Amino acid sequence: MPNRPQSLAQLFIAFTRLALQGFGGVLAVAQRELVERLGWLSKEEFVETLAIAQVLPGPNVVNLSMMVGDRFFGLRGAVVALAGMLLAPAVVVLGLAAIYGELARYPAAVSALRGMGAVAAGLVLATGIKLLPALKTSPLGRPLALGLALLAFVAIGLLRWPLFHVLALLGGGGMALAWWRLRK
Amino acid sequence: MTTPVDLFALFLHFLTLSLLAIGGAITTVPEMHRYLVDKTGWLTDTSFTSSIALAQAAPGPNILFVAVLGYNVAGLPGAAASMAGIMLPSSVLTLTATRWARNNREHISLRAFSAGMTPLTLGLIIATGWLLAQPFLKAEAHRWGTLALMAVTVVLVLKTRLGLVWMVLAGGVLGALGLV
């Protein structure tokens, strides 16, 4: 039987604490805090909730935080968890953005940001590559799924098509195909 | 070409992207770039990319890069408008869909949705990495340094468990020393 948060304040503090530890993404910290330290979710519940969060639009871990808050305290809990996730980190990041405006006059700061930008681009690329094996289990079959991923990259990265068109065309097509395969 | 900043248009832009952000708002970065840099000229290519780098370097959910983009367009009101836009529709949908989805994980429409969207999400993530690197790759002086730094980052992420923040900080130091 998992533990549960005793109050909205405890919920808020837990998510603030979690978010402030999340350099370069919050997912790993969320698992450590919610499952291992607090015991509010079992490992299975965490994975299941994340799976739902992943098929919904919006930031996955933020969606997950709202689902956890909703589960314990209803709508109030969802709002409090969301605020805990975003408020304190927003103050930190906007503070940095404000300072950066001042720092931008110094060439070294601009160069530092360029180096950080290159690494950030690499991190995003690596994340995409790391997740590609997930297509192995796609109901579409691996070649078709990889083909769709490649088409999406070409349409957005090279041809610069608007996202909406790509989602309608490739996403709609992919969903229709998946539906057809799953029905068989 | 720069059009005057319009807070409501900014809010609406992020509002329309919210429900498209499957797999996280990072997948809609190319669309934000098209709008904020190419179409309206509210941000330069470099300030767009450095906004995202800054948010990635800071603690907290990566979605806060949207707040930094809004802040760099129009200060605190811009940050509030962009965050409200990106969060409202997806949050409402998440809450209404959660209970239904929890009981219907095996439902065919949910599985078809997920199977159809996953390849697209991955293609979009890789396209995002590619687009983020463009301003550096365009500048001749930095092209090879940037490529090398990106390649090392990709290898480190795939092959080691090194904390991502250390990589971002190392990139900052290398940049400040003029090595990339």
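Residues numbered from 1 in each chain as written. Chains lettered and ligands numbered in written order. Predicted model: local features only at pLDDT ≥ 70, side-chain atom pairs only at ≥ 80, totals over all residues.

> I'm lost on the overall build of chain A in this one. Help?
Check the secondary structure of chain A and you find seven helices and zero strands. Reading the helices (α) and strands (β) of chain A from amino to carboxyl end gives α-α-α-α-α-α-α. Taking 184 residues into account, the globule formula puts the C-alpha radius of gyration at 16 Å, and chain A, at 20 Å, lies well above it. Summarising its shape, the C-alpha atoms of chain A cover approximately 55 × 50 × 25 Å along the three principal directions. In chain A, which comprises 184 residues, the share counted as buried stands at 43%. When contacts within chain A are restricted to residue pairs at least 6 apart in sequence, long-range pairs at least 24 apart make up 48% of them. (Helix = DSSP H or I, 4+ residues; strand = E, 2+ residues; numbered from the N terminus. Rg over C-alpha atoms; globule rule 2.2 N^0.38 Å. Buried ≥ 20, exposed ≤ 12 C-beta atoms within 10 Å, placed from the backbone. Contact = placed C-beta atoms within 7 Å.)

> Sorry, what's going on with the overall build of chain B here?
Counting its regular elements, chain B contains seven helices and zero strands. Counting helices and strands in the order they occur from the N terminus, chain B gives α-α-α-α-α-α-α. Principal-axis analysis of the C-alpha atoms places the extent of chain B at approximately 55 × 45 × 25 Å.

> Explain the nonpolar core to me, please; I cannot follow it from the model alone.
Most often, soluble globular proteins keep nonpolar side chains buried together rather than apart. One finds Val93(A), Ala120(A), Ala152(A), Val66(B), Ala67(B) and Val68(B) to be the most contacted residues of the largest nonpolar core, which totals 115 residues. Per-element tally for this core: the top contributor is helix α4 (residues 60-103) of chain A, with 16 residues. Discounting residues that sit within four places of it in the chain, Val68(B) has contacts with Val93(A), Ala97(A), Ser51(B), Leu54(B) and Ala55(B). (Core = buried A, V, L, I, M, F, W, Y, C linked by C-beta atoms within 7 Å.)

> Can you help me understand helix α6 (residues 142-158) of chain A in this one?
An α-helical segment advances 3.6 residues per turn. Residues three or four places apart therefore align on the same side. Over its 17 residues, α6(A) extends 23 Å from the first C-alpha to the last, a length consistent with the 24 Å expected when each residue adds 1.5 Å. Considered for burial, the residues of α6(A) that qualify are Ala145(A), Leu148(A), Ala149(A), Ala152(A), Phe153(A), Ala155(A) and Ile156(A). For α6(A), the elements touching its buried residues are α7 (163-183) of chain A together with α2 (29-39) and α5 (108-138) of chain B. After α6(A) finishes, the residue Arg160(A) shows a positive phi value of roughly 55°. (Expected span 1.5 Å × (residues − 1).)

> What am I meant to see in the interface of chain B and chain A here?
Much of the literature gives interface size as the accessible area that the parts lose upon coming together. Residue-level contacts link 86 residues of chain B with 84 residues of chain A. Mapped by element, the contributors of at least two residues to the side of chain B that touches chain A are α2, α3 (45-57), α4 (65-103), α5, α6 (143-159) and α7 (164-176) of chain B. Looking at the side of chain B that touches chain A element by element, the count peaks at 25 residues for α5(B). Within the side of chain B that touches chain A, the residues separate by chemical class into 55 nonpolar, 27 polar and four charged. (Nonpolar A, V, L, I, M, F, W, Y, C, P; charged D, E, K, R; others polar.)

> Explain unusual backbone geometry here, please?
Residues apart from glycine generally show negative phi values, whereas peptide bonds are mostly found in trans. Residues and elements named next belong to chain A. In this model, Arg 160 sits at a positive phi of 55°, which is unusual for a non-glycine residue. Along the polypeptide, Arg 160 turns up in the loop between α6 and α7. Taking the C-beta count within 10 Å as the criterion, Arg 160 has 14 such neighbours and is therefore assigned partly exposed.

> Could you clarify how one ought to interpret the domain arrangement of chain A in this entry?
Partitioning chain A into structural domains gives domain 1 (1-105), domain 2 (107-132) and domain 3 (138-184). Computed from C-alpha atoms alone, the centre-to-centre distance between domain 1 of chain A and domain 3 of chain A is 30 Å. (Domains from an automatic or database assignment.)

> What am I meant to see in the packing of helix α5 (residues 107-131) of chain A against α3(B) here?
Packed helix pairs are specified by the crossing angle of their axes together with the interaxial distance, meaning the distance between the axes. Put simply, α5(A) and α3(B) touch, their axes get as near as 9 Å, and they point 75° apart. By the angle between their axes, α5(A) is roughly perpendicular relative to α3(B). Together, Leu113(A), Met116(A), Gly117(A), Ala120(A) and Leu123(A) of α5(A) and Thr49(B), Ser50(B), Ile52(B), Ala53(B), Gln56(B) and Ala57(B) of α3(B) make up the contact between the two elements. Classifying every residue of the contact of α5(A) with α3(B) gives seven nonpolar, four polar and no charged. (Axes fitted to C-alpha atoms, helices over the stretch in contact; angles between N-to-C directions. Parallel < 35°, antiparallel > 145°, perpendicular 65-115°, else oblique.)

> Would you take a moment to explain helix α1 (residues 7-18) of chain B for this structure?
Residue and element names in this part refer to chain B. Its twelve residues place the ends of α1 17 Å apart at the C-alpha level, agreeing with the 16 Å of an ideal helix rising 1.5 Å per residue. Residues of α1 that are buried: Leu 10, Phe 11, His 13, Phe 14, Leu 17 and Ser 18. Projected onto a plane normal to the axis of α1, the buried residues spread over an arc of 160° and lie on a single side. (Arc of directions from axis to C-beta.)

> What is the right way to read the environment of Gln134(B) from this model?
Residue and element names in this part refer to chain B. Residue placement: Gln 134 occurs in helix α5. By the C-beta count within 10 Å, which is 15 here, Gln 134 ends up partly exposed. Taking the C-alpha atoms as reference, Gln 134 lies 9.8 Å from Thr 146; in sequence the two are twelve residues apart.

> What should I look at first to understand the confidence of the model for chain A in this one?
Low pLDDT marks regions whose predicted coordinates should not be analysed in detail. Residues at a pLDDT of 70 or more form 93% of chain A, whose mean pLDDT is 85. Per-element mean pLDDT across chain A ranges from 71 in helix α3 (residues 43-55) of chain A up to 93 in α6(A). (pLDDT = per-residue confidence, 0-100.)

> I would appreciate a short explanation of the confidence of the model for chain B in the present structure.
Residues and elements named next belong to chain B. Chain-level statistics for chain B give a pLDDT mean of 86 and a share of 97% at 70 or above. Element-level pLDDT for chain B is lowest in α5, with a mean of 82, against a maximum mean of 94 in α1. Note on the complex model: pTM 0.71, ipTM 0.71.

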